[in-house]
Amino acid sequence: MIEDLRQLPPGADIDADLCIVGGGAAGITLARSLAAAGRNCLLLESGGLALEADVQARSALEVTGLGGVDGCQLRYLGGATNHWGGWCRPLDADDFARRDWVADSGWPIDAEALAPYYSQAQAVCGLPAWDYQLENVAGQDRDFGAFAQSPLALRPYQFSRPPLRFGEAYRDELGRSDRVRVLLHANVTGFETAGGGRAVAAVRLQDSGLPDRRVRARCFVLACGGFENVRLLLQSHRQAGGGFGNDRDLVGRYFAQHPHVSCASLLTPQADQLERLFSRFAAGDLIVRATVGAGAQARQSQQLLNGALTLDRLPDPVTGVGAARALWRDLRNGEWPDEFSTRLWQVVSDLDSFVASPDLMAFYARLEQAPNPDSRILLSDQVDAQGVPLPRVDWRLSAQDADSLRALLLLVGAEFARLGLGRVQLPEWLLATRVEWPADLWGGCHLMGGTRMAADPARGVVDGNSRVHGMDNLYLAGSSVFPTTGFANPTLTLTALTLRLADHLLAQAPRS
Amino acid sequence: MIRRRALLWLSGLLPGLNLAAPGHAAAVSAPALAPLFRRPLAAQQLGEHCLRTPSLARDPALLLDDLGSLVQADGQVSADRFERLRERDFATGRIVLVGGWVMARCEVSACMLLAVTAEARA
């Protein structure tokens, strides 16, 4: 059933068997899974069924680091799936591994442990079939054979099309369920503990103009997004002294996103062919888009972070390929830019025997961010209407992130040239000794890492089952638990992890 | 100084190109690299730029060492060999960034060689 706390008469505390905080992809997936297995749960959503200004205002941020972190959270049923793009792909197997060249890398679980849940997550996310082998889905009319002997990897995304809005898609099911009770406008602002601080006894609900309430439960799962999971844990620190899972000052650290940035241009005589290969296409029921990046062997031998590039005809305008674009425009207009650029372009054209007009395309990067303890979420001195401190987001990238992107582009540039597919130009900003990321950098609203998963409490906030270290009955769900990020958009993986968490919780207490 | 060192080195490596030692610039004939480029002047000017770029010209020998295999017995340059050299460079990561463009080392070397020999002829 779905109820609205603002419509309920003021009353006593609310009791539940299992309480999920947050009605986004993770919270809804967990509630559905538990209910399907006969377990009752209460799902608290801070918003309603649509965007409301006063509720959304609670998602304000203080930004002190890199930009591109605003506007990511949506406070109504469905959460961030209400504006996601539907990009789906699992993490690669080596994303889970400890890599010598990536400090603090390694998950406490491997790809195999998540594999059965990925295929279930595929259906949850509205995707028709589990197949991420490009050669299987490309069909005969798209020939990627030129890359067969290449150190490059062509890895496809699938698209939930149209992007599945979890709130809309599963609202009726939740409303009909006699196992799930959804409570809208249930804004959690803090915790009460028991067991000497080892257990959460209750969460506190506060909303403007309404009396405070408490929700008591045997087990709690925070599933309220990459900022809010951190914010609530840090808030517990203020309230309880010591806080949950923060004995080692790890809550909020290692905050990561997927750096998205226009990163190189491609001068190519084969723009039509490449556009056909690298733009979205339909393959039966699937909508697919190929990316190009370093293969696993090249990532290891060159000690690269993971990352992938999409390729488009040059959009207008694109930061980072501006110089090449201006050069190309000038040449087409019969104007000659500075002599060196002109000569360089002529030589590059000659060397590849461009006989027809070459065209410019642009690479767009989607990158793994190296785990960085200095990239973090803190609590601001500013507070929301309920007096809860806002998150202060200090998103930082490191030299390793820039170095890895540069190395990836050199590899791609060499391979495209070798294969006669064109010439790649890296942007000036990426060649600087100290890289200043360009203005079009953003994180994709992929809020990860602030409550990272690790078997060792000294290295993470939650254990391999997503239980907060040192707490008996508090779990976290969502991409905030990712210790490393790969390059793939997080929704499919966080959904798979949530399904795994559901199995764990059911094993602890099978039925209500 | 860089050009002088390059000339000295080239005269030893590429006798087929009839390069003379510094001081005998008039004896240097145009190398047969020009046909590799539709616009040899552009390549030469790019080579001049590279020679002025410290990171590229720090050790000319390092950049130019590939080109010896291009010269055939008749002193001409084999376009096929150049193509193979280029492919090898790209496959093995022997690449150079010029103005941000990813180029094979042998390509840059050819441009630099054009520039050096033009300088010597002048």
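One structure accompanies this document, and this report is about it. This structure is a prediction, so every number in the text was calculated from the model and none was measured.

### Quick look at the interface of chain A and chain B
Then comes step 1: Listed per partner, the contact involves 24 residues of chain A and 23 residues of chain B.
Then comes step 2: Here chain A packs against chain B, burying approximately 2300 Å² in sum over the two surfaces, 67% of which is carbon and sulfur.
Then comes step 3: Of all residues in chain A, the largest losses of buried area upon contact with chain B belong to Phe 340, Asp 350 and Leu 351 of chain A, amounting jointly to 24% of the total for that side.
Then comes step 4: Taken together, the connections running from chain A to chain B amount to two salt bridges.
Then comes step 5: With a closest N to O distance of 2.4 Å, Glu 107 of chain B and Arg 423 of chain A form a salt bridge.

### Some points on the nonpolar core
Residues and elements named next belong to chain A.
Then comes step 1: The biggest cluster of nonpolar side chains holds 180 residues, and the ones touching the most others in it are Leu 44, Phe 363, Leu 405 and Phe 416.
Then comes step 2: If one sorts the elements of this core by residue count, helix H11 (residues 399–418) sits on top with 10 residues.
Then comes step 3: When sequence neighbours within four positions are dropped, the list of residues in contact with Phe 363 reads Val 261, Ser 262, Cys 263, Ala 264, Leu 266, Val 292, Leu 309, Thr 310, Leu 311, Val 412, Phe 416 and Val 424.
Then comes step 4: Of all hydrophobic cores here, the second largest spans five residues; its members include Trp 87, Tyr 157, Ala 308 and Phe 487.

### Quick word on the environment of Asp 463 of chain A
Residue and element names in this part refer to chain A.
Then comes step 1: One can find Asp 463 in the loop between helix H12 (428–431) and strand E19 (474–476).
Then comes step 2: With a relative accessible area of 13%, Asp 463 lands in the buried category.
Then comes step 3: For the pair Asp 463 and Met 453, spaced 10 residues apart in the sequence, the C-alpha separation amounts to 5.5 Å.
Then comes step 4: A polar side-chain atom of Asp 463 sits 2.8 Å from the main-chain amide nitrogen of Asn 465.

### Details of the layout of surface pockets
All names here are of chain A.
Then comes step 1: For the largest pocket, the calculated volume is near 920 Å³.
Then comes step 2: Where the lining of the largest pocket is concerned, the elements lending two or more residues are helix H1 (25–36), helix H6 (225–240), strand E15 (359–367) and helix H13 (491–508).
Then comes step 3: Along the lines of polarity and charge, the residues of the lining of the largest pocket split into 23 nonpolar, 21 polar and four charged.
Then comes step 4: What lines the second largest pocket is a set of 23 residues, among which Arg 89, Tyr 132, Gln 133, Arg 155 and Pro 156 lie closest to the centre.
Then comes step 5: Of all the elements in the fold, those that place two or more residues in the lining of the second largest pocket are helix H3 (111–124), helix H4 (134–137) and strand E6 (152–159).
Then comes step 6: Sort the elements by how many residues they give to the lining of the second largest pocket and E6 lands first, with five residues.
Then comes step 7: When the residues that make up the lining of the second largest pocket are grouped by side-chain class, the tally is 16 nonpolar, one polar and six charged.

### Here we look at the pattern of salt bridges
Residues and elements named next belong to chain A.
Then comes step 1: One pass over the full model with this rule turns up 43 salt bridges over all chains.
Then comes step 2: With a closest N to O distance of 3.6 Å, Asp 104 and Arg 459 form a salt bridge. Here Asp 104 is found in the loop between strand E5 (87–88) and H3, whereas its partner Arg 459 is found in the loop between H12 and E19, with 355 residues between them in sequence.
Then comes step 3: For Arg 459, a relative accessible area of 40% corresponds to the partly exposed category.
Then comes step 4: Asp 249 is the salt-bridge partner of Arg 376, the closest N and O atoms lying 3.5 Å from each other. On the criterion of sequence distance, the pair formed by Arg 376 in strand E16 (residues 376–383) and Asp 249 in the loop between H6 and strand E11 (260–268) is long-range, its members being 127 residues apart.

### As for the packing of aromatic side chains
Residue and element names in this part refer to chain A.
Then comes step 1: Scanning the entire structure with this criterion turns up 14 aromatic pairs over all chains.
Then comes step 2: Aromatic side chains Trp 107 and Phe 482 sit 5.4 Å apart centroid to centroid with 45° between the ring planes, which places their arrangement in the tilted category. On the criterion of sequence distance, the pair formed by Trp 107 in the loop between E5 and H3 and Phe 482 in the loop between E19 and H13 is long-range, its members being 375 residues apart. Pair check on accessibility: Trp 107 and Phe 482 agree, each one buried.
Then comes step 3: Taken together, the ring pairs in this structure connect Phe 144, Phe 147, Phe 278, Phe 363 and Phe 416 into an aromatic cluster.
Then comes step 4: The aromatic ring of Tyr 170 is capped on one face by Arg 32, whose charged end is 3.8 Å from the ring centroid.
Then comes step 5: The aromatic ring of Tyr 254 is capped on one face by Arg 452, whose charged end is 4.1 Å from the ring centroid.

### A word on the sheet that holds E16 of chain A
Then comes step 1: Sheet architecture is open: three strands sit in the order E4-E17-E16 (chain A), paired in mixed fashion. What marks the edges here is a single partner per strand, and that holds for strand E4 (62–63) and E16 of chain A.

Cut-off values and rules
Residues numbered from 1 in each chain as written. Chains lettered and ligands numbered in written order. Predicted model: local features only at pLDDT ≥ 70, side-chain atom pairs only at ≥ 80, totals over all residues. Heavy atoms only, no water. Contact = heavy atoms within 4.5 Å. Buried area = accessible area lost by both parts, 1.4 Å probe. Salt bridge = Lys/Arg side-chain N within 4 Å of Asp/Glu carboxyl O. Core = buried A, V, L, I, M, F, W, Y, C linked by side-chain atoms within 4.5 Å. Buried < 20%, exposed > 50% of the residue type's maximum accessible area, 1.4 Å probe, protein only. Helix = DSSP H or I, 4+ residues; strand = E, 2+ residues; numbered from the N terminus. Polar contact = N/O pair within 3.5 Å; in protein donor to acceptor, adjacent residues only side chain to side chain. 1 Å grid on protein atoms, 1.4 Å probe; cavity = no way out; pocket = protein on both sides within 12 Å on 5 of 7 lines; lining within 4 Å. Points joined across faces, edges and corners; volume = space filled by probe spheres on them. Nonpolar A, V, L, I, M, F, W, Y, C, P; charged D, E, K, R; others polar. Phe/Tyr/Trp six-rings, centres within 6.5 Å; stacked < 30°, edge-to-face > 60°. Lys NZ or Arg CZ within 6 Å of the ring centre and 35° of its normal. Pairing = 2+ DSSP bridges.

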